[in-house]
Amino acid sequence: MIDVSNATLDIIEAIKTRDSVQFNYGKDVIREIKPTGFFGDFDGFEGIDEDTEHKEFRRFRFDKVDEWLGIPVQYKVFVELDMT
């Protein structure tokens, strides 16, 4: 079971910044969703599945999320090589 309070805060932040969240939803496949809101009494969240061809709208229940990765962190790595 994931920490639902942490996931809820990540989803709220992703909605405000128009970012996506990543998580594992039972098939050992990392999903990337751009959340648009919650459903039920915070039973889960809904949003656009970025990995589908037609950007499908889907709903995900918190109790079925196996692993929560949250908002992906973008960073750059600079490598310097000394060829002497």
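Report on the accompanying structure. Since the model is a prediction, treat every value here as computed from it, not as a measurement.

### Overview of the overall build of the protein
Helix and strand content of the protein: one helix and five strands. Here the protein has a C-alpha radius of gyration of 16 Å; the compact-globule value for 84 residues is 12 Å, and the former is much larger. For the protein, the spread of C-alpha atoms along the three principal axes comes to 65 × 30 × 30 Å. Taking all contacts inside the protein whose residues are at least 6 apart in sequence as the whole, residues at least 24 apart take part in 41%. Charged side chains in the protein number 11 positive and 19 negative. The centres of these two groups are separated by 6 Å.

Basis of the calculations
Residues numbered from 1 in each chain as written. Predicted model: local features only at pLDDT ≥ 70, side-chain atom pairs only at ≥ 80, totals over all residues. Heavy atoms only, no water. Helix = DSSP H or I, 4+ residues; strand = E, 2+ residues; numbered from the N terminus. Rg over C-alpha atoms; globule rule 2.2 N^0.38 Å. Contact = heavy atoms within 4.5 Å. Lys, Arg positive; Asp, Glu negative; His and termini not counted. Charge placed at Lys NZ, Arg CZ, Asp CG, Glu CD.

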